Amino acid sequence: MPTKSSLKHYECRIARHILLKMNWLMHIIILQVLLGQVLSNLTCTNIKNIDKCSCKHDLYGEDIEVECGLSTLELNLMESIIKIECNSDQTKWEQNFGQIDINKLHYAKCLLSDSGINQTISTLGINKIQSLKLVSMRLNGSLENTYLSNLESVETLDITLTKLILTNESFEGTPRLTKLYLRENYIEDIPAGVFKPLTLLQILDLGDNKITKINSDLFYGIPLKRLNLDTNYLTSLDLNSQSLNNLDVANNRITSLTVGRLNQLLNISLNKNILVTMPDQTFKNTSLVSIRFSYGNFTTIPQRFLTNLDRLLNVYLTSLNIEKVPENMIWDSQNITNLSLASNRLKELPVMFFRDARKLKLLDLSKNQIENINHELLGPLINLETLDLSNNLIIKINNYSLKHLRNLKYLNLERNKITNINREALNVPKLKTLKLAYNKISNLTPNNVFSLYYLDQVETIDLSNNFINCIDPGWVNLIKLININLSSNNFTVLRIQDIQYINEIVKTNLNNNPLEVIDLSNLEIFAKAQSPPYNFWNNRQINLSSDKFICDCRNYEYARFLHNQMPKIVYKYLQIEQKLICNDGLGTEFSNLNIESLTCDWKIFEDVDKTDCFECECTYRPHDKSALMNCSNRNLIVAPEVIISSRNVNYTELNLRNNSITKLPNYENLNIKKLNIGYNNLNTINITQLPKYLTELHLEHNNLTMISETNLTNILPNLNNLTMNSNSWICDCNAKNTINFIHKYSSKIFDLANITCDQSSTLLQTLTEKEVCQEELNTDMITVSMFLAVLSSVFSLGLLWMLYSNNKTKIKIWLYSYNITWPISEESLDLDKKYDAFISYSHMDIELVEKHLVPGLEGGSSPFKLCLHYRDWVVGEWIPNQIARSVDESRRTIIVLSQNYLKSVWGRTEFRTAYSSALNERRSRLIVILYNDISEKDLDSELEAYLSMNTYIKWGDRWFWEKLRYALPHRPATKKNTRAKIIVPDKLNSVRLT
């Protein structure tokens, strides 16, 4: 008994011996494969140094692959198989390296020598091959016995894609064959004695050749069980075999078939032949269990074709153009369980056709021309479980048509012409699946009786592609229903009351309906009323899709559901997957709409005490229960006195913009919260006659000169948004009330920096009541001063110089507050400011700031000193304090306005702080950089108002850096420019938001 170490030494020595004996000059492969312990140690490390070869070893899959020139060898240790592909006629084997066993050997693209394949196998040191497969082999002449000689151990032989000429001696060397596969070998003739030596043969496959004739006794005496003759050129067949069980002659040209001597025949396949008829009781002497015959022209079925076949179970006669069947076709064959006559031209079956088919479980009559279901015909089928009548011409299912089918579980009536179903027609107590798709059903309650009433066990119903437009109350009786398909019907409105009729649905498919409205107005009430486990919403899922959806307030409740604005209990019971496209022609998805924007025409809004709408466009907005009255752009001269309202409307928004209205009626007692009278011809306005609870008022671009009211106590207490620019405001003693009004509401006026005196650039916000009335007083004071100056010129000049020297800064500030800028420069007012500019931006836009703005402004010949969050703020200090300090210590505040900035809470705080500071100092210190596109709908009212009255610099503008540097503080070029006044223009860019 050799030791483990000596055995390993022996293995290595053998491997080296194998490799040294290889002759590579003629691409010769000499391989020895050792199984067991020897084979387990044969790896690529033994052969990797061989010239002209490469080796791959899969350590996990136990696979070895060797490539030598065009030839390859694959070894799989686990499956005990060797695959050799030669790819050269010069590949051969020589030398003998001992005898080992292997189960499977596959050759491909090799030349078989006259000495036979056994000699080649022996040369490789392999014996006792059980399975041999030869693919695309080449041999000289016919398959003589020498090629397959001495292969007594082979039990399975598979030759394919090889041109074979068989002889009576071809298989003498393989007497133990039990399986022989000879597909696709161009075989034309079968010698009478070729299979005689194969006394153990059970399976023979001669398919896909060119055989035209088979000798009737070819297989006599052979224990053949399965014979494949498919895809040949046979025209007739008469076999004598006492053992054959399975016969496949599909895809031939058979016109005559005799099976009388096939006593043990169980299964036969006749597909794709040209049989027109057969003798009566063709299979009477067989043990037939299954017959398959499809794709032919078997128009005349013989009498008693399949009668008295006690073992017959399966009959498939499909796509044969059968128009009639004999009444006795299957009589006395009482064990048939599956029968298919699908894809024929049957209009009806004889009434007694199923006389002895009581055990039938599957009946397929689909794709025929049947118009009626005869209950007498189906009477014997008491055990039928599956019935397929799809793709026929059935118009109506009458009462009691299926009454005998007490065990039916699957019924397919798809693609017929059914318009209605009587209640008793579907009295099938065990039915689980019902398919009625692609019919013409519009109503499931003919005569006010629910058609599906008896289906209390049904689980799946497919009613897709019909004309149904509602869900009937009768659905509530289908207590086991878990899946219903109502897609591609005529549903235009879906209400929660409809859905509740369907119990315990896992999935309801309502896709591809012309849905316009989904009314979930009672969903919250209904969901809260449920008490698990007795609620029927559990696990409910609805699929919806439509391209006809009305995207207005009629679907507001559904929008609330989509935007998770309903109580959590609602989503516990109901799930909706949807793709609803608005009928606006733009392909807008309803789920992408802003719920606050949903409105609907005032005419369809139903409420108590609702007033009518005249001349204007009136809508209702359910989000805040408001009425919107849009009278803009209508050439109105007189404002409407009757404003729309109703009992359950919270307030009204009135838009009179862009008309020619000169005076407003008394709206004091009307529930108007937003009033837009901009761009009209108003020349006077009575503040006391405006709506009491007004929150938003637009007066810009009119002809207003003053506000006459003196007592502003309790006037417009809720106002928070006011615009007044571009009017003809006077700035004399009559402007006292106007100035008082502006001062009172200054924090609410968004265009405060643009409200100026008529024909002047003076800002009303800078004036006081005393200032507008002191012009005469100022003139007298100047005269007296001049007189005193003449009398006391030396003394006065000295005194003035002393006063100016001691109070220089205060005097400059006083003069600047009255718009007297000489000899004051902005630089002198900002001497105490630490930074030229504070940059306010969202951290999401830091790349623009760090890579572009900071280098561009802090570099160059005239650098600016910038204040930045990340560099100049104190860590841990309160953020609002740091914002205020940054704005106060900077001569300008640069706002990087982007989508990210609009979402930033601190960004908005910085904007308000800077804007407030600019208003207090009455200087334009804000510089807005528009970064990427922003639409007006993204802005809140504060920013929108500011940008509507100010312009900005747009990133990417060809003059961007010139405009930005011009807007920043100017430093005088020389000290001689002591009176230079730096004015930052408001108009930097004419581009407007769109």
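Every chain's residues receive numbers from 1 upward, in the order its sequence appears when written. Where local features are concerned, this predicted model is filtered to residues with pLDDT of at least 70; where side-chain atom pairs are given and counted, the filter is 80 or more; whole-chain, interface and lining totals use all residues. Water and hydrogen atoms play no part in the side-chain values, which are based on all heavy atoms of the structure.

Looking at an unreviewed UniProt entry, the protein chain carries the name TIR domain-containing protein, with the source organism given as Acyrthosiphon pisum. UniProt positions are given in the numbering used here, feature names are shortened, and annotations may be inferred rather than shown by experiment. A UniProt comment under Subcellular location (unreviewed entry) is attached to the protein chain, and it reads "Membrane". Per UniProt, the protein chain carries the Sequence similarities (unreviewed entry) text "Belongs to the Toll-like receptor family."

Draft legend 1. Region of the structure containing the packing of helix 13 (residues 846–858) against helix 19 (residues 960–967). Look at helix 13 against helix 19: their axes get within 12 Å of each other, and the N-to-C directions meet at 60°. As far as their axial angle goes, helix 19 and helix 13 are oblique. Two packed elements cross with a definite hand, and for helix 13 against helix 19 that hand is right-handed. Residues His852, Leu853, Gly856 and Leu857 of helix 13 pack against Phe960, Trp961, Leu964 and Arg965 of helix 19. With axes taken as lines fitted to C-alpha atoms, and helix axes fitted only over the stretch in contact, angles between N-to-C directions fall between 0 and 180 degrees. Starting at the N terminus, helices and strands are each numbered in turn, a helix being any DSSP run of H or I of at least four residues and a strand any DSSP run of E of at least two. Each angle is binned into one of four classes, with values under 35 degrees roughly parallel, values over 145 roughly antiparallel, values of 65 to 115 roughly perpendicular, and all other values oblique. In this scheme the handedness of a crossing depends on how the near helix is turned from the far one: anticlockwise by less than a right angle means left-handed, clockwise means right-handed. Residues count as neighbours in contact if any of their non-hydrogen atoms are within 4.5 Å of one another.

Draft legend 2. Spotlight on the sheet that holds strand 37 (residues 672–676). For two strands to be treated as a pair, DSSP must find no fewer than two bridges joining them. Judged by pairing direction, the sheet is mixed, and its 7 strands sit side by side in the order 33-34-35-36-37-38-39 without closing on themselves. Each edge of the open sheet is held by one strand with a lone partner, namely strand 33 (600–601) and strand 39 (721–723). Looking at chain direction, strand 36 (residues 651–655) and strand 37 are connected through 4 bridges and run parallel. Its bridge partner lying in strand 37, Glu653 is registered against Lys674.

Draft legend 3. Spotlight on the state of the cysteines. The rule for a disulfide is simple: a pair of cysteine sulfur atoms within 2.5 Å. A complete count under the given rule lists 6 disulfides for this structure. The side chain of Cys553 participates in a disulfide bridge whose partner is Cys600; the two sulfur atoms lie 1.8 Å from each other. The sign of the 45° torsion about the S-S bond sets the Cys553-Cys600 disulfide as right-handed. Of this pair, Cys553 sits in the loop between strand 31 (540–549) and helix 6 (556–562) while Cys600 sits in strand 33, and the two are 47 residues apart along the sequence. Any residue under 20% of the maximum accessible area for its type is buried, any over 50% is exposed, and the rest in between are partly exposed; the area is computed with a 1.4 Å probe on protein chains only. You can call Cys553 buried: its relative accessible area is 11%. The class for Cys600 is buried, based on a relative accessible area of 5%. Residue Cys613 pairs covalently with Cys618 via a disulfide, S to S 1.9 Å.

Draft legend 4. Expanded view of the pairing of strand 36. Most of strand 36 is tucked away, with 4 of its 5 residues classed as buried. By the bridge criterion, 5 bridges tie strand 35 (residues 626–630) to strand 36 in an arrangement that is parallel. Opposite Ala627, over in strand 36, you have Thr652 as the bridge partner.

Draft legend 5. How the structure looks around the sheet that holds strand 40 (residues 835–840). Overall, parallel pairing links the 5 strands, which are arranged 41-40-42-43-44 in an open sheet. The outermost strands of the open sheet, each flanked by one partner alone, are strand 41 (866–867) and strand 44 (953–954). Inspection of the sheet shows strand 43 (residues 926–930) paired to strand 44 by 2 bridges, in the parallel sense. Paired with Leu930 across the strands is Lys954, a residue of strand 44.

Draft legend 6. Quick peek at the pattern of salt bridges. Salt bridge, as used here: a side-chain nitrogen of Lys or Arg that lies within 4 Å of a carboxyl oxygen of Asp or Glu. Inspection of the entire model under this criterion finds 22 salt bridges. Of the charged contacts in the structure, one is a salt bridge between Lys432 and Glu459, with a shortest N-O distance of 3.8 Å. Of the two residues, Lys432 sits in the loop between strand 24 (420–421) and strand 25 (433–435) while Glu459 sits in the loop between strand 25 and strand 26 (460–462), which places them 27 residues apart along the sequence. Each of Arg304, Asp332, Arg355 and Asp356 takes part in salt bridges that share partners, so that together they form one network.

Draft legend 7. View of the environment of Lys833. Summarising the element assignment, Lys833 is placed in the loop between helix 12 (826–829) and strand 40. Along the backbone, Lys833 and Glu889 are 56 residues apart, and their C-alpha atoms lie at a distance of 4.7 Å. Within the structure, the side chain of Lys833 is placed 2.8 Å from the backbone oxygen of Asp888, a separation counted as a polar contact. Counting of polar contacts relies on pairs of N or O atoms within 3.5 Å, with two restrictions inside protein: one atom must be capable of donating a hydrogen and the other of accepting it, and residues adjacent in sequence are counted only when both atoms are side-chain atoms.

Draft legend 8. Representation of the nonpolar core. Within the largest apolar cluster, 161 residues are counted, with the highest numbers of intra-cluster contacts made by Tyr107, Phe171, Phe195, Leu247, Phe354 and Trp475. The biggest single contributor to this core is helix 6, with 4 residues. Filtering out sequence-adjacent residues up to four positions away, Phe195 remains in contact with Phe171, Leu180, Ile190, Leu204, Leu206, Leu218, Phe219 and Ile222. Core analysis: the second largest hydrophobic core is formed by 51 residues, Met629, Leu636, Leu682 and Ile755 among them. For the purposes of this section, nonpolar cores are sets of buried Ala, Val, Leu, Ile, Met, Phe, Trp, Tyr and Cys residues that join through side-chain atoms within 4.5 Å.

Draft legend 9. Main features of unusual backbone geometry. Residue Ser343 is not a glycine yet carries a positive backbone phi of 60°. Inspection of the secondary structure assignment puts Ser343 in the loop between strand 19 (338–340) and strand 20 (362–364). Overall, Ser343 belongs to the partly exposed group, its relative accessible area being 25%.

Draft legend 10. Looking closely at the side chain of Asp364. If you trace the backbone, Asp364 turns up in strand 20. Residues scored as positive are Lys and Arg, those scored as negative are Asp and Glu, and His as well as the terminal groups of each chain are ignored. One buried charged side chain, Asp364, makes no salt bridge at all; its nearest oppositely charged neighbour is Lys367, positioned 8.4 Å away. Ignoring any residue separated from it by four or fewer positions in sequence, one finds Asp364 in contact with Leu339, Ser340, Leu341, Ala342 and Asp388.

Draft legend 11. Seen up close, helix 13. Bending is quantified residue by residue as the angle between axes fitted to the seven-residue window ending at that residue and the seven-residue window starting at it. Of all bends in helix 13, the biggest is about 25°, found at His852, and the proline Pro855 comes one to four residues later. For helix 13, every residue scored as buried is listed here: Leu848, Val849, Leu853, Val854 and Leu857. At its buried positions, helix 13 is contacted by strand 40, strand 41, helix 14 (869–872), strand 42 (890–897), strand 43 and helix 19. Gly860, located one to two residues past helix 13, shows a positive phi value of around 85°.

Draft legend 12. Layout of helix 15 (residues 879–888). What helix 15 keeps buried is the set Gln882, Ile883, Ser886 and Val887. In a view along the axis of helix 15, the buried residues occupy a sector of 130°, so they form one face of it. Each C-beta atom gives one direction from the helix axis, and the arc is the one those directions make.

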